[in-house]
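Structure at a glance
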Amino acid sequence: GAGVSQSPSNKVTEKGKDVELRCDPISGHTALYWYRQSLGQGLEFLIYFQGNSAPDKSGLPSDRFSAERTGGSVSTLTIQRTQQEDSAVYLCASSLMRDEQFFGPGTRLTVL
Amino acid sequence: AQTVTQSQPEMSVQEAETVTLSCTYDTSENNYYLFWYKQPPSRQMILVIRQEAYKQQNATENRFSVNFQKAAKSFSLKISDSQLGDTAMYFCAFMKLRGGADGLTFGKGTHLIIQP
């Protein structure tokens with residue numbers, strides 16, 4: 001596709017359930033980023049992939065969060081045992097190099 | 001670690017006026033990028049303008065221009081001839097030029113409202 005796509009657009013889940021968020025970057029973009037946007041914390045950087053590897057996972061909020069990227073393309077962000085404080089918009093971005101990032105439309109996660 | 005500060009939570013101007021959004025940042029890096037992103041209610045983050053710190057000339061993109069003061073660590077955005085479609089959240093962001101495994105550091109944002 002022409003831009004970064006994310007699915008689902010919205011996700012409502014119950015506390016304690018696992019969720020999986022998907023990001024499909026722009027074709028050929030080697031760098032992929034995940035961010036979280038919430039009212040209280042603003043925009044937070046979560047994790048960065050160069051190709052399939054994530055050199056630093058310390059930005060993930062807790063060990064319930066994990067992310068992977070396969071084939072240098074699609075990435076999934078998994079949140080296990082969701083908590084209400086995980087409610088936020090999760091944004092994905094991709095870039096060709098470490099410069100301009102193109103963002104997807106985000107996934108709004110609501111944990112009841 | 002870097003920090004980005006936007007001191008204006010909300011601004012409102014009349015259509016066709018000029019408005020300036022302020023941004024300051026703190027970093028020990030010498031080479032970096034600065035960006036202004038726009039986020040309308042649709043949630044889609046859109047790049048408005050970018051500035052490489054090693055360039056002394058201020059970036060411009062049509063009605064959008066920046067005033068980059070590296071020594072003062074200031075990076076303000078000027079919107080000329082504002083339009084209703086400019087209504088959105090505006091985020092100032094910082095990124096190291098190379099090295100590291102971090103992404104953009106964002107400010108808290110400024111909600112800009114263009115009144116008809």
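The coordinates are above.
In this report, the structure presented in the accompanying data block is examined. (Residues numbered from 1 in each chain as written. Chains lettered and ligands numbered in written order. Predicted model: local features only at pLDDT ≥ 70, side-chain atom pairs only at ≥ 80, totals over all residues. Heavy atoms only, no water.)

**Some details on the state of the cysteines**
All names here are of chain B.
- On inspection of all chains with the given rule, the structure shows 2 disulfides over all chains.
- Each sulfur in the disulfide pair C23 and C92 lies 2.0 Å from the other. Its torsion about the S-S bond being -70 degrees, the disulfide of C23 and C92 is classed as left-handed. Highlighted residues: C23 in the loop between β3 (19-21) and β4 (24-26) and C92 in strand β10 (residues 88-96), separated in sequence by 69 residues. (Disulfide = S-S within 2.5 Å. Helix = DSSP H or I, 4+ residues; strand = E, 2+ residues; numbered from the N terminus.)

**Some words on the layout of surface pockets**
- When its volume is computed, the largest pocket comes out at roughly 460 Å³.
- In terms of lining, the largest pocket is formed by 22 residues, of which the most central are A:Q37, A:S38, A:L39, B:Q39 and B:F91.
- At the level of secondary structure, the elements contributing two or more residues to the lining of the largest pocket comprise β4 (31-38), β5 (42-50), β8 (88-95) and β10 (107-111) of chain A together with β10 of chain B.
- As a volume, the second largest pocket reaches approximately 360 Å³.
- In terms of lining, the second largest pocket is formed by 20 residues, of which the most central are A:L43, A:F45, B:L104, B:T105 and B:F106.
- Of all elements in the fold, only β5 of chain A together with β1 (3-5) and β11 (105-106) of chain B reach the threshold of two or more residues within the lining of the second largest pocket. (1 Å grid on protein atoms, 1.4 Å probe; cavity = no way out; pocket = protein on both sides within 12 Å on 5 of 7 lines; lining within 4 Å. Points joined across faces, edges and corners; volume = space filled by probe spheres on them.)

**Re the interface of chain B and chain A**
- Counting residues at the interface gives 22 residues for chain B, matched by 25 residues for chain A.
- Of the roughly 1,800 Å² buried at the junction of chain B and chain A (both faces included), carbon and sulfur atoms supply 51%.
- Looking at the side of chain B facing chain A, the largest losses of area belong to B:R43, B:A101 and B:F106, adding up to 33% of the total buried there.
- The interface formed by chain B and chain A contains 0 salt bridges.
- In this assembly, chain B and chain A are joined by 7 residue pairs in polar contact (both at pLDDT 80 or more). (Contact = heavy atoms within 4.5 Å. Buried area = accessible area lost by both parts, 1.4 Å probe. Salt bridge = Lys/Arg side-chain N within 4 Å of Asp/Glu carboxyl O. Polar contact = N/O pair within 3.5 Å; in protein donor to acceptor, adjacent residues only side chain to side chain.)

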